[in-house]
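# Fold and geometry: a report
Listed below, chain by chain, are the residues.
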Amino acid sequence: MTGTRLLALAERRVTDPRERLAAYRSREPAARPAELASRLITDTFAHGSRLLADAHARHGRARTFAYEFAWRSPAFDGMLGACHCVELPFVFHRTDLPALYGETALLGPHRPPADLADRTHAAWTAFIRDGDPGWPRYDLTAHATAVIDEHWSTTTTADHGDRVPTAP
């Protein structure tokens, strides 16, 4: 990833590409273009997810729950990180599959935290069964979001858009 390719990527994804990249660089001055590209793509997905959760919460017919799966896969020397869909083996409680392990496999060369699949699967099962995964519901004021990692927590979003950690 070069600076030119990063700018082209930003131009396709956001309305203010130069300003957005400048903000990222001010927060992470040592970040390489690939790291900034990863941040940009993550933020783009997160923004779309927030819009969808807001629309569902505004509709009001059913409760809304949001989560961020933050466990970082050590695959590709840790560069895969908390990528899109990495939570699926945990959701379906299939972290036992040998094909998921290795330097270039989804979960990396080492086993994830022992109870992460148990807890994640239990939350999804509870949501299917009872309509409640066990964390605070998302609404248009607090935007409560479960952060699923080795240690679970909940964040809320203040009116100014910053994430504010709350008690687990």
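This text goes with the structure placed above it.
Let me sum up the structure you'll find in this document. (Residues numbered from 1 in each chain as written. Predicted model: local features only at pLDDT ≥ 70, side-chain atom pairs only at ≥ 80, totals over all residues. Heavy atoms only, no water.)

### Observations concerning the pattern of salt bridges
A complete count under the given rule lists five salt bridges for this structure. Note that D43 is salt-bridged to R39, the shortest N-O span being 3.6 Å. Of the two residues, D43 and R39 both sit in helix α3 (residues 33–59), four residues apart, roughly one turn of that helix. Take R39: its relative accessible area is 34%, and that puts it in the partly exposed class. (Salt bridge = Lys/Arg side-chain N within 4 Å of Asp/Glu carboxyl O. Helix = DSSP H or I, 4+ residues; strand = E, 2+ residues; numbered from the N terminus. Buried < 20%, exposed > 50% of the residue type's maximum accessible area, 1.4 Å probe, protein only.)

### Let's talk about the pairing of strand β2 (residues 145–148)
What you see with β2 is no split at all: T145 and V147 on one side and A146 and I148 on the other are buried throughout. With three bridges joining them, strand β1 (residues 67–69) and β2 adopt parallel strand pairing. The partner of F69 across the bridge, within β2, is I148. Where β2 meets strand β3 (residues 153–157), three bridges bridge the pair, whose relative direction is antiparallel. Among the inter-strand pairings, A146 is bridged to a residue of β3, identified as T154. (Pairing = 2+ DSSP bridges.)

### Remarks on the packing of aromatic side chains
Overall, the coordinates contain six aromatic pairs when judged by the stated rule. Taken together, Y67, W124, W135 and W152 form an aromatic cluster joined through their ring pairs. Residue placement shows R111 over the ring face of Y101; its charged tip is 4.1 Å from the ring centre. Over the aromatic face of W152 sits the side chain of R119, whose NZ or CZ is 4.3 Å from the ring centroid. (Phe/Tyr/Trp six-rings, centres within 6.5 Å; stacked < 30°, edge-to-face > 60°. Lys NZ or Arg CZ within 6 Å of the ring centre and 35° of its normal.)

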